[in-house]
Amino acid sequence: MADSQIRAKVHQKLVESGEYERISTHLRQKLVESGWYDQVNQLASEKLRFQDNPNFDKLVDDIEPKALDSVPDEIKLDVLNMIKNFLDGIVEK
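Since we're looking at a predicted model, the values are computed, not measured. (Residues numbered from 1 in each chain as written. Predicted model: local features only at pLDDT ≥ 70, side-chain atom pairs only at ≥ 80, totals over all residues. Heavy atoms only, no water.)

(A) Spotlight on the side chain of Gln51. With respect to the element layout, Gln51 can be found in the loop between helix H3 (36-49) and helix H4 (56-69). In this structure the side chain of Gln51 is engaged in a polar contact, spanning 3.2 Å, whose partner is the backbone nitrogen of Asn55. (Helix = DSSP H or I, 4+ residues; strand = E, 2+ residues; numbered from the N terminus. Polar contact = N/O pair within 3.5 Å; in protein donor to acceptor, adjacent residues only side chain to side chain.)

(B) Expanded view of the nonpolar core. In terms of nonpolar packing, the biggest core is built from 10 residues, these being Leu31, Trp36, Val40, Leu43, Ala44, Leu59, Ile63, Ala67, Val71 and Ile75. Elements that contribute at least two residues to this core include exactly H3 and H4. Among the elements that line this core, the one with the most residues is H3, at 4 residues. In this view, Leu31 contacts Trp36, Tyr37, Val71 and Ile75; residues no more than four positions away in its chain are not counted. (Core = buried A, V, L, I, M, F, W, Y, C linked by side-chain atoms within 4.5 Å. Buried < 20%, exposed > 50% of the residue type's maximum accessible area, 1.4 Å probe, protein only. Contact = heavy atoms within 4.5 Å.)

(C) Representation of the pattern of salt bridges within the structure. The full count for this structure, using the stated rule, is 4 salt bridges. One salt bridge connects Lys58 with Asp62, and the closest N-O pair in it is separated by 3.3 Å. Taken as a pair, Lys58 and Asp62 lie in helix H4 at a separation of 4 residues, close to a single helical turn. A salt bridge links Lys84 to Asp88; the nearest nitrogen and oxygen atoms lie 2.8 Å apart. Linking Lys84 with Asp88, this pair stays in helix H5 (residues 73-90), spanning 4 residues, or about one helical turn. With a relative accessible area of 46%, Lys84 lands in the partly exposed category. (Salt bridge = Lys/Arg side-chain N within 4 Å of Asp/Glu carboxyl O.)

(D) Seen up close, the packing of aromatic side chains. By the definition in use, this model includes 1 aromatic pair. Measuring from ring centre to ring centre gives 5.3 Å for Trp36 and Tyr37, while their planes differ by 70°; the resulting arrangement is edge-to-face. Classification of Tyr37 by relative accessible area gives partly exposed; the value is 35%. (Phe/Tyr/Trp six-rings, centres within 6.5 Å; stacked < 30°, edge-to-face > 60°.)

Given below as structure tokens:
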């Protein structure tokens, strides 16, 4: 099975179980608590100041790499562990 098929299957199982929403809510909360949302909002505001004709797609292209890189490692690890624990619970051993 290809990686894309595995990802799609995992995503489907997460959504069907309601775990996707729980993990998403947890992630959002942790990003807000860490100040990440404020940091990315500030970065977006700064980029918009220098655009003559603001364009959402260009803004996303400009800030997405830095935003993803700036997610604290402990939050990434926390979410990965949540997904791993979910998968451990549904995979037959």
